[in-house]
Amino acid sequence: PPLLARLAPAMRPTAAAGAGAAPGLDVEALAAAIRDGCIEPFFQPIVGGDGSLKDAEVLTRLRLPSGAVLSAQQVIPLAESAGLILPLTEALFERLLAAKDRLSGLALDHLSVNLSVVQLDVALTAALVRRLVDGLQDCCGVRVELTESASLADSQSVRELGAQLRLLGASLAMDDFGTGYSSIRALAELPYDTVKVDLCFVAELFDSNKAERLLAAILAMCESLGLHVVAEGVETIAQAQWLCEAGVDRLQGYLFGAPMPLAELVSRFGPKT
Ligand code: C2E
Ligand code: CA
Ligand code: CA
Ligand code: CA
């Protein structure tokens, strides 16, 4: 029987939210949007091999008063360069804490959040994560995703942050694995327990025999290091099937759902009343 035959019709791919050009978002507008509560968490399902919800990745969106939604690419780089990433992250985490009761109904293993490590303030960042971990402790675990370019920023503070996050009970994932020149080195430098294989590997999967062998080798390495693996950018059942047979434990991608507002996540994956 096809591995993902149990997929509900509602789990067919949907369009990514937030496409379109940013209508001239500048630093002042971003600062005001953060202050005014316009930062909104979207949630992308992360499923097990049977298609059931296991985790969710939190992806930032900015909801304009007009109702239009700006994507992370339209917001995060600006927040990073303008020194607004810490208040943005704090506003995002507050929304997650406020959503705790609705999130509890989903019985997630982990809620996964992305952290920027540009202009990293280790103490303040760790304090934000601690508040999230503590606040969600009877709801779900917290996973922090760092991109490997992270390790290049200021490796001493990133290492410090990684150690502190594990101490306070967060899981640590290397995001976009395989896209930088020092992925494997970075694996040794931080106490990662999870690897998120970049979507480019999944996209190239059936292009060549070489792509398949490369991905299989990455998965074998992760397994021998005891790392959990999440595959990103899964868009077809054929990809999902190959990945599960190759030993990937978690799948994420448009096949299972694009990032969506909490209400949609709950109505699609929450307890049926
Ligand atoms: P990411 O962490 O690698 O997130 C995955 C991106 O891939 C998301 O884009 C998601 O919408 C997209 N994606 C998911 N499934 C598929 C698929 O099946 N196919 C394809 N082609 N794409 C897929 P998004 O939401 O626009 O986020 C972009 C980046 O912005 C994220 O990349 C992450 O690095 C960053 N980001 C998002 N939210 C935050 C945040 O709160 N804080 C920080 N520091 N960075 C964030
Ligand atoms: Ca991520
Ligand atoms: Ca990624
Ligand atoms: Ca990325």
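See above for the structure.
Residues numbered from 1 in each chain as written. Chains lettered and ligands numbered in written order. Predicted model: local features only at pLDDT ≥ 70, side-chain atom pairs only at ≥ 80, totals over all residues. Heavy atoms only, no water.

*Asks:* Can you help me understand the overall build of the protein chain in this one?
*Replies:* The secondary structure content of the protein chain amounts to 12 helices and 9 strands. When burial is assessed residue by residue, the protein chain has 50% of its 273 residues classed as buried. The long-range fraction of contacts in the protein chain, counting pairs at least 24 apart against all pairs at least 6 apart in sequence, stands at 68%. As displayed, the protein chain has an accessible area near 12,500 Å², and 55% of this comes from carbon and sulfur atoms. (Helix = DSSP H or I, 4+ residues; strand = E, 2+ residues; numbered from the N terminus. Buried < 20%, exposed > 50% of the residue type's maximum accessible area, 1.4 Å probe, protein only. Contact = heavy atoms within 4.5 Å. Areas by Shrake-Rupley, 256 points an atom, 1.4 Å probe, with all protein chains shown as cover.)

*Asks:* Got a minute to help me understand the site of ligand 1 in this structure?
*Replies:* Close to ligand 1 lie 22 residues, the nearest being T60, Q73, S116, E235 and Y254. Q73 places a side-chain nitrogen or oxygen 2.5 Å from an oxygen atom of ligand 1. Between ligand 1 and N114 there is a distance of 3.1 Å, counted from an oxygen atom to a side-chain nitrogen or oxygen. Taken by itself ligand 1 offers 800 Å² of open surface, and the protein chains cover 82% of this. Elements represented by at least two residues in the shell around ligand 1 include exactly β2 (53–63), α2 (72–81) and β6 (171–177). Take the shell around ligand 1: its biggest share by element is 4 residues, from β2. (Near = heavy atom within 4 Å. Polar contact = N/O pair within 3.5 Å; in protein donor to acceptor, adjacent residues only side chain to side chain.)

*Asks:* Help me out: how do you make sense of the coordination of the calcium ion (ligand 2) in this one?
*Replies:* For a metal bound by four donors in tetrahedral geometry, the ideal donor-metal-donor angle is 109.5 degrees, whereas six donors in octahedral geometry ideally sit at 90 or 180 degrees. Every protein donor of the calcium ion (ligand 2) is accounted for by E57 (OE), N114 (OD1), E145 (OE) and D175 (OD), and the metal-donor separations fall at 2.1 to 2.3 Å. Mapped onto the sequence, the residues coordinating the calcium ion (ligand 2) show the spacing E-x56-N-x30-E-x29-D. Taken as an interatomic distance, the gap from the calcium ion (ligand 2) to the calcium ion (ligand 3) is 4.1 Å; D175 donates to each of them. Of this pair, E57 sits in strand β2 while N114 sits in strand β4 (residues 110–114), and the two are 57 residues apart along the sequence. Looking at E57, the relative accessible area reads 3%, which means it is buried. (Donors = N, O, S within 2.8 Å, 3.2 Å for Na, K, Ca; no water.)

*Asks:* Explanation requested: helix α3 (residues 85–98) in the structure shown.
*Replies:* Residues spaced three or four apart along an α-helix face the same direction, because each turn holds 3.6 residues. Look at α3: 20 Å from first C-alpha to last across 14 residues, which is about the 20 Å you get at 1.5 Å a residue. Among the residues making up α3, those that are buried are I85, L88, T89, A91, L92, F93, L96 and L97. (Expected span 1.5 Å × (residues − 1).)

*Asks:* I tried to follow the coordination of the calcium ion (ligand 4) on my own but got confused; where do I start?
*Replies:* Listed as protein donors to the calcium ion (ligand 4) are D176 (OD) and D176 (OD); their distances from the metal cover 2.7 to 3.2 Å. Between the calcium ion (ligand 4) and the calcium ion (ligand 2), a separation of 5.9 Å is found. Along the chain, D176 turns up in strand β6.

*Asks:* How should I be thinking about the side chain of S171 in this particular structure?
*Replies:* Mapped onto the elements, S171 comes out in strand β6. Of the polar contacts made by the side chain of S171, one reaches the side chain of D193; its length is 3.1 Å. Leave out the neighbours within four places in its chain, and S171 touches H110, V142, R143, V144, D193 and T194.

*Asks:* Help me understand the pattern of salt bridges, please; the structure alone is not making it clear to me.
*Replies:* Once the charged atoms of two side chains with opposite charge are near each other, the side chains can pair. The tally for this structure, following the rule as stated, stands at 12 salt bridges. A salt bridge links E189 to R185, with the shortest nitrogen-to-oxygen separation between them at 3.5 Å. Taken together, the residues E189 and R185, both in helix α8 (residues 183–189) and 4 residues apart, mark about one turn of the helix. A residue is classified by how much of its surface remains accessible, and E189, at 26% relative accessible area, is partly exposed. Between K196 and E232 there is a salt bridge, and its shortest N-O distance comes to 3.9 Å. One end of the pair, K196, is in strand β7 (residues 194–197); the other, E232, is in the loop between β8 (228–231) and α11 (237–245), with 36 residues separating them in the sequence. No difference in accessibility class separates K196 from E232, as the two residues are buried. Each of D55, D109, R143 and R250 takes part in one network of salt bridges that share partners. (Salt bridge = Lys/Arg side-chain N within 4 Å of Asp/Glu carboxyl O.)

*Asks:* Is there a simple way to think about the environment of A203 in this case?
*Replies:* If you trace the backbone, A203 turns up in helix α9 (residues 199–203). For the pair A203 and E232, spaced 29 residues apart in sequence, the C-alpha to C-alpha distance is 9.4 Å.

*Asks:* Can you walk me through the nonpolar core in this structure?
*Replies:* Across soluble globular proteins, nonpolar side chains show a tendency to be buried alongside one another. In terms of nonpolar packing, the biggest core is built from 83 residues, with L111, V144 and L251 touching the most fellow members. Sorting elements by how many residues they give to this core places α3 first, with 7 residues. What V144 contacts, discounting residues up to four positions off in sequence, is V113, L115, V129, L165, A170, S171, L172 and A173. (Core = buried A, V, L, I, M, F, W, Y, C linked by side-chain atoms within 4.5 Å.)

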